[in-house]
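# Observations on the model geometry
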Amino acid sequence: MTVDTGPAPNAHTPVSERIYLALRQKIVRCELAPGTTLDTNAIARDYDVSKTPVRDAMQKLAADGLVTILPRSGYRVATITFQAVHEILDLRAAIGPHAARQAARYATPADIAELREIVAEYATPLDIGAMQQVARRFHVAIAQCSRNKRVVALSETLFDELERLLRFAIDFSVKIGEHSDEHTALVDAIEAGDGERAAAIEAEHIKSSRAFLIERLMTLGYLSAGEVQIGNAARGMDE
């Protein structure tokens, strides 16, 4: 099992796709902060192209929820809202336990060995950027063990969006061993074929991560208490 981190642009990649991928990476990594106005003229000059491929790239970014289209054809990096956080984390809560449960059914010894290799990387000093990449590889690898390509695709997209949130919510200090115990327990459950335990461990991990992330976003001022209260009330009406 090999974890695919997505296609890399090359000389044959259409220019609109290269612009899209470059801007998407900058937005996800918070090199372009929420609320930043995107200058299509400057981007077109940087790539020595007309504004048409730039606009095509912006439309794709808007479809991803990463860019907001403004009146009179302006573009801005999408802000972080409770609704966006809620949608990302709700999907994560739905998909993660299911992937873990299915992984317990289908994971091979080679899959388990690869999962343990990834978990071992938590023992090395990692900043938040490196840690998030390890987490992404770990959970996408579990999704691949589920043998469901749609679950894999959704997991990849969710972790791209989570990276943006986490880069705001967590400091960049170097950490060692973060989450390694619970990830080891998750791999143990998958190896034992205990799908319900694997799903329960993943569900609890996601629940605690959700509470921590929302609290940090509130502390840093990216979410207000009012937004969270309104959002929680709306969620309660839907349940």
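Residues numbered from 1 in each chain as written. Predicted model: local features only at pLDDT ≥ 70, side-chain atom pairs only at ≥ 80, totals over all residues. Heavy atoms only, no water.

An unreviewed UniProt entry annotates the chain as GntR family transcriptional regulator of Nitratireductor aquimarinus.

Let us now look at the confidence of the model for the chain. The share of residues in the chain with pLDDT of 70 or more is 83%, and the mean pLDDT across the chain is 85. When pLDDT is averaged over each helix and strand of the chain, the minimum, 58, is found for helix α10 (residues 225-238) and the maximum, 97, for helix α5 (residues 109-120). Per-residue pLDDT stays below 50 along residues 2-6; that stretch engages in eleven contacts with residues further than four places along the chain or on separate chains. (pLDDT = per-residue confidence, 0-100. Helix = DSSP H or I, 4+ residues; strand = E, 2+ residues; numbered from the N terminus. Contact = heavy atoms within 4.5 Å.)

With that settled, consider helix α7 (residues 149-169). Under the 1.5 Å per step criterion, the end-to-end length of α7 is 30 Å for 21 residues, consistent within 8% with the ideal 30 Å. Within α7, 15 of the 21 residues are buried, which leaves the element mostly enclosed by the surrounding structure. Of the residues that open α7, the one with a side-chain oxygen 3.0 Å from the backbone nitrogen of R150 is N148. (Expected span 1.5 Å × (residues − 1). Buried < 20%, exposed > 50% of the residue type's maximum accessible area, 1.4 Å probe, protein only. Polar contact = N/O pair within 3.5 Å; in protein donor to acceptor, adjacent residues only side chain to side chain.)

Structurally, the position occupied by D56 is in helix α3 (residues 51-63). When the C-alpha atoms of D56 and I19 are compared, they prove to be 9.1 Å apart, with 37 residues separating the residues in sequence.

Right, let's get into the sheet that holds strand β2 (residues 67-70). The three strands are arranged β1-β3-β2 in an open sheet whose pairing can be described as antiparallel. Two strands close off the open sheet at either side, each with one partner strand: β1 (37-38) and β2. Pairing between β2 and strand β3 (residues 74-77): four bridges, direction antiparallel. Residue pairing in the sheet places V67 in a bridge with V77 of β3. (Pairing = 2+ DSSP bridges.)

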